[in-house]
Amino acid sequence: MPSTDTPVPDDTTAEETTSRQPTRLEEEGEIAADYLEELLDIADLGGDIDIDVEHDRAAVEIVADDDSELGALVGEDGEVLEALQELTRLAVQARTGERSRLMLDVAGFRAQRRRELTALAEEAIAKVRVEGATVTMDPLNAFERKVVHDAVAAAGLRSDSEGTEPQRYVVIHPAQ
(Lines give C-alpha, C1' and ligand atoms only; values in the text may rest on other atoms or scores of the structure.)
Protein backbone atom coordinates (compact mmCIF):
# COMPACT_ATOMS: atom_id res chain seq x y z
CA MET A 1 0.00 0.00 0.00
CA PRO A 2 1.49 3.34 -1.03
CA SER A 3 2.30 5.88 1.63
CA THR A 4 0.06 8.91 1.86
CA ASP A 5 2.57 10.88 3.93
CA THR A 6 3.64 14.14 2.42
CA PRO A 7 7.40 14.15 1.96
CA VAL A 8 9.18 16.59 4.22
CA PRO A 9 11.48 18.93 2.29
CA ASP A 10 15.14 18.40 2.99
CA ASP A 11 17.04 21.55 4.03
CA THR A 12 20.25 20.44 2.34
CA THR A 13 20.86 21.30 -1.28
CA ALA A 14 22.20 18.96 -3.91
CA GLU A 15 25.49 20.89 -3.80
CA GLU A 16 25.82 20.24 -0.08
CA THR A 17 25.11 16.54 -0.40
CA THR A 18 27.70 15.97 -3.11
CA SER A 19 31.29 16.94 -2.58
CA ARG A 20 32.14 20.03 -4.58
CA GLN A 21 34.70 19.48 -7.32
CA PRO A 22 37.38 22.17 -7.59
CA THR A 23 37.40 24.24 -10.75
CA ARG A 24 40.34 24.08 -13.14
CA LEU A 25 41.66 27.41 -11.82
CA GLU A 26 41.34 26.26 -8.20
CA GLU A 27 43.22 23.10 -9.15
CA GLU A 28 45.97 25.22 -10.73
CA GLY A 29 46.21 27.21 -7.51
CA GLU A 30 46.49 24.05 -5.42
CA ILE A 31 49.22 22.61 -7.64
CA ALA A 32 51.10 25.92 -7.53
CA ALA A 33 50.75 26.10 -3.75
CA ASP A 34 52.20 22.60 -3.36
CA TYR A 35 55.13 23.51 -5.62
CA LEU A 36 55.80 26.77 -3.77
CA GLU A 37 55.52 25.11 -0.34
CA GLU A 38 58.28 22.72 -1.39
CA LEU A 39 60.38 25.61 -2.63
CA LEU A 40 59.95 27.50 0.64
CA ASP A 41 60.98 24.38 2.56
CA ILE A 42 64.08 23.85 0.40
CA ALA A 43 65.05 27.53 0.71
CA ASP A 44 64.30 27.42 4.46
CA LEU A 45 61.99 30.43 4.16
CA GLY A 46 58.89 31.03 6.21
CA GLY A 47 55.68 31.99 4.53
CA ASP A 48 52.09 31.08 3.90
CA ILE A 49 50.39 30.54 0.58
CA ASP A 50 47.10 32.29 -0.25
CA ILE A 51 45.13 30.96 -3.21
CA ASP A 52 42.37 32.79 -5.06
CA VAL A 53 40.85 33.15 -8.52
CA GLU A 54 40.96 36.67 -9.95
CA HIS A 55 40.20 37.92 -13.46
CA ASP A 56 39.78 34.39 -14.85
CA ARG A 57 43.16 33.16 -13.63
CA ALA A 58 44.55 31.45 -10.58
CA ALA A 59 46.15 33.95 -8.19
CA VAL A 60 48.68 32.73 -5.65
CA GLU A 61 50.48 34.88 -3.11
CA ILE A 62 53.29 34.07 -0.72
CA VAL A 63 52.92 36.09 2.48
CA ALA A 64 54.85 36.22 5.75
CA ASP A 65 54.65 38.03 9.06
CA ASP A 66 57.91 39.75 8.09
CA ASP A 67 57.73 40.43 4.34
CA SER A 68 61.41 41.43 4.27
CA GLU A 69 62.21 37.73 4.71
CA LEU A 70 60.71 37.12 1.26
CA GLY A 71 62.71 39.82 -0.54
CA ALA A 72 64.98 37.23 -2.14
CA LEU A 73 61.92 35.79 -3.91
CA VAL A 74 61.10 39.19 -5.40
CA GLY A 75 64.55 40.36 -6.48
CA GLU A 76 65.44 43.71 -7.97
CA ASP A 77 62.45 45.16 -9.82
CA GLY A 78 60.65 41.83 -9.45
CA GLU A 79 62.88 39.85 -11.80
CA VAL A 80 63.16 36.87 -9.43
CA LEU A 81 59.39 36.97 -8.97
CA GLU A 82 58.93 36.86 -12.77
CA ALA A 83 61.21 33.82 -13.02
CA LEU A 84 59.50 32.12 -10.08
CA GLN A 85 56.12 32.72 -11.68
CA GLU A 86 57.29 31.08 -14.92
CA LEU A 87 58.69 28.08 -13.03
CA THR A 88 55.43 27.75 -11.12
CA ARG A 89 53.44 27.93 -14.36
CA LEU A 90 55.63 25.17 -15.80
CA ALA A 91 55.04 23.02 -12.71
CA VAL A 92 51.28 23.49 -13.14
CA GLN A 93 51.50 22.71 -16.85
CA ALA A 94 53.48 19.55 -16.14
CA ARG A 95 50.66 18.30 -13.89
CA THR A 96 47.64 19.47 -15.91
CA GLY A 97 48.94 19.26 -19.46
CA GLU A 98 47.60 22.75 -20.11
CA ARG A 99 49.30 26.14 -20.20
CA SER A 100 48.61 28.17 -17.07
CA ARG A 101 48.02 31.92 -16.81
CA LEU A 102 48.58 31.80 -13.06
CA MET A 103 49.57 35.09 -11.40
CA LEU A 104 52.06 34.92 -8.55
CA ASP A 105 52.69 37.65 -5.99
CA VAL A 106 55.24 37.65 -3.20
CA ALA A 107 54.90 39.89 -0.14
CA GLY A 108 52.45 42.18 -1.94
CA PHE A 109 55.05 43.29 -4.52
CA ARG A 110 52.70 43.03 -7.51
CA ALA A 111 49.81 44.65 -5.64
CA GLN A 112 52.03 47.64 -4.79
CA ARG A 113 53.41 47.77 -8.34
CA ARG A 114 49.84 47.69 -9.71
CA ARG A 115 48.97 50.78 -7.64
CA GLU A 116 52.11 52.59 -8.86
CA LEU A 117 51.46 51.69 -12.49
CA THR A 118 47.83 52.72 -12.31
CA ALA A 119 48.93 56.15 -11.04
CA LEU A 120 51.52 56.43 -13.86
CA ALA A 121 48.91 55.38 -16.42
CA GLU A 122 46.46 57.97 -15.09
CA GLU A 123 49.10 60.70 -15.47
CA ALA A 124 49.80 59.58 -19.04
CA ILE A 125 46.07 59.42 -19.82
CA ALA A 126 45.61 62.98 -18.53
CA LYS A 127 48.52 64.13 -20.70
CA VAL A 128 47.03 62.45 -23.79
CA ARG A 129 43.68 64.15 -23.14
CA VAL A 130 45.22 67.59 -22.59
CA GLU A 131 47.75 67.51 -25.44
CA GLY A 132 45.77 65.33 -27.86
CA ALA A 133 48.94 63.45 -28.82
CA THR A 134 50.17 59.93 -28.19
CA VAL A 135 52.25 59.23 -25.10
CA THR A 136 54.95 56.57 -25.04
CA MET A 137 55.79 54.96 -21.72
CA ASP A 138 59.08 53.42 -20.60
CA PRO A 139 59.62 49.68 -21.22
CA LEU A 140 57.52 47.43 -19.01
CA ASN A 141 57.21 43.68 -18.48
CA ALA A 142 54.06 41.84 -19.56
CA PHE A 143 52.32 42.17 -16.17
CA GLU A 144 53.05 45.90 -16.05
CA ARG A 145 51.87 46.48 -19.63
CA LYS A 146 48.61 44.65 -18.85
CA VAL A 147 47.97 46.94 -15.86
CA VAL A 148 48.52 50.01 -18.06
CA HIS A 149 46.37 48.65 -20.92
CA ASP A 150 43.54 47.96 -18.45
CA ALA A 151 43.72 51.51 -17.04
CA VAL A 152 43.75 52.99 -20.54
CA ALA A 153 40.77 50.89 -21.64
CA ALA A 154 38.85 51.90 -18.50
CA ALA A 155 39.51 55.54 -19.41
CA GLY A 156 38.05 54.99 -22.89
CA LEU A 157 41.33 55.42 -24.76
CA ARG A 158 43.34 53.01 -26.88
CA SER A 159 46.82 51.62 -26.27
CA ASP A 160 49.26 49.32 -28.03
CA SER A 161 52.42 47.50 -27.03
CA GLU A 162 55.40 48.09 -29.29
CA GLY A 163 59.04 47.05 -29.37
CA THR A 164 60.61 43.71 -28.55
CA GLU A 165 61.31 42.12 -25.17
CA PRO A 166 62.76 43.25 -22.88
CA GLN A 167 62.19 46.72 -24.34
CA ARG A 168 58.43 46.46 -25.02
CA TYR A 169 56.53 49.57 -24.06
CA VAL A 170 52.99 50.95 -24.13
CA VAL A 171 51.84 53.72 -26.47
CA ILE A 172 48.64 55.51 -25.42
CA HIS A 173 46.59 57.08 -28.21
CA PRO A 174 44.03 59.90 -27.98
CA ALA A 175 40.36 59.09 -28.46
CA GLN A 176 39.29 59.28 -32.08
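Conventions we followed
- For every chain, the first residue of its written sequence is number 1, and the numbers climb from 1 along that sequence.
- The predicted origin of the model limits local features to residues at a pLDDT of at least 70 and limits the giving and counting of side-chain atom pairs to 80 or more, whereas totals for whole chains, interfaces and linings rest on all residues.
- Hydrogens are left out, water is left out, and the side-chain values use all remaining heavy atoms of the structure.
- A run of DSSP states H or I qualifies as a helix once it reaches four residues; a run of E qualifies as a strand once it reaches two. Both are numbered from the N-terminal end.
- To estimate how far a helix should extend, the number of its residues minus one is multiplied by 1.5 Å.
- Only protein chains enter the accessibility calculation, which uses a 1.4 Å probe; a residue whose area is less than 20% of its type maximum is buried, one above 50% is exposed, and one in between is partly exposed.
- Note on pairing: DSSP must find at least two bridges between two strands before they are called paired.
- Simply put, an axis is a line fit to the C-alpha atoms, just over the touching stretch for a helix, and the angle between two N-to-C directions goes from 0 to 180 degrees.
- Residues are treated as being in contact if the distance between any of their heavy atoms lies within 4.5 Å.
- Side-chain atoms within 4.5 Å link the members of a nonpolar core, which is a set of buried Ala, Val, Leu, Ile, Met, Phe, Trp, Tyr and Cys residues.
- What sets the label is the angle itself: under 35 degrees gives roughly parallel, over 145 gives roughly antiparallel, 65 to 115 gives roughly perpendicular, and the rest give oblique.
- Each crossing is labelled by how the near helix is turned from the far one, with a counterclockwise turn of less than a right angle marking it left-handed and a clockwise turn marking it right-handed.
- A pair is scored as a salt bridge if a Lys or Arg side-chain nitrogen falls within 4 Å of a carboxyl oxygen belonging to Asp or Glu.

Once that is clear, we can look at helix α2 (residues 24–43). With 20 residues, α2 extends 29 Å between its outermost C-alpha atoms, agreeing within 8% with the 28 Å of an ideal straight helix rising 1.5 Å per residue. Within the span of α2, buried status applies to L25, E28, G29, I31, A32, A33, L36 and L40. Looking one or two places after α2, you find D44, whose phi comes out positive at around 55°.

Let's shift gears to the pairing of strand β5 (residues 158–162). Where β5 meets strand β6 (residues 169–173), 5 bridges bridge the pair, whose relative direction is antiparallel. Along β6, the bridge assignment pairs S161 with V170. The hairpin formed by β5 and β6 contains 6 residues between the paired strands, and G163 there has a positive phi angle of roughly 90°.

Looking now at the sheet that holds strand β1 (residues 48–54). As a general point, the strands of a sheet are linked pairwise by backbone hydrogen bonds and lie either parallel or antiparallel. If you trace the 3 strands from one edge of the open sheet to the other, you get β1-β2-β3, paired in mixed fashion. Strands with a single pairing partner mark the edges of an open sheet, and in this sheet they are β1 and β3 (103–106). When strand polarity is set aside, the average angle formed by the axes of neighbouring strands in this sheet is 20°. Judged from the 7 bridges that link them, β1 and strand β2 (residues 57–63) form a sheet pairing that is antiparallel. By the bridge assignment for β2, I51 is matched with V60. Packing against the sheet, helix α4 (residues 79–96) makes contact with β2 and β3, and its axis sits at approximately 135° to β3.

A few words on the environment of L40. Note that L40 resides in helix α2. When its relative accessible area of 2% is taken as the criterion, L40 is described as buried.

A separate point is helix α5 (residues 109–131). Within an α-helix, residues lying three or four positions from one another point in the same direction, as the helix has 3.6 residues per turn. Between its first and last C-alpha atoms α5 spans 33 Å; for 23 residues at 1.5 Å apiece the expected length is 33 Å, and the two agree. Restricting attention to buried positions, one finds in α5 the residues R110, R113, L117, A121, A124, I125 and V128. Residues of α5 that are buried sit in contact with α4, β3, β4 (135–136), α6 (142–154) and β6.

Right, let's talk about the nonpolar core for a bit. Ranked by internal contacts, the top residues of the largest apolar core, which has 18 residues, are L36, I49, V60, I62, L73, L104 and V106. Breaking this core down by element, the ones donating at least two residues are α2, β2, α3 (71–74), α4 and β3. Counting residues per element, this core draws most heavily on α2, at 5 residues. With sequence-adjacent residues up to four places away left out, I62 is seen in contact with L36, L40, D48, I49, L70, L73, L104, D105, V106 and A107.

α6 packs onto α5 with a crossing angle of 45° between their chain directions and a minimal axis gap of 9 Å. Considered as vectors, α5 and α6 are oriented oblique to each other. Two packed elements cross with a definite hand, and for α5 against α6 that hand is right-handed. Counted together, R110, R113, R114, L117, T118, A121 and I125 of α5 and F143, E144, V147, V148, A151 and V152 of α6 form the full contact between these two elements.

The next thing to look at is the pattern of salt bridges. Inspection of the entire model under this criterion finds 8 salt bridges. Between E28 and R24 there is a salt bridge whose closest N-O contact spans 2.6 Å. Placement of both E28 and R24 in helix α2 is noted, with a separation of 4 residues, approximately one turn of the helix. The class of E28 is buried, set by a relative accessible area of 2%. For R158, the salt bridge is made with D160, and the minimal N-O distance between the two is 2.8 Å. Note on R158: relative accessible area 38%, which makes it partly exposed. With relative accessibility at 28%, the residue D160 sits in the partly exposed group. Through salt bridges with shared partners, a single network forms among R113, E116 and E144.

By themselves these figures say nothing about function.
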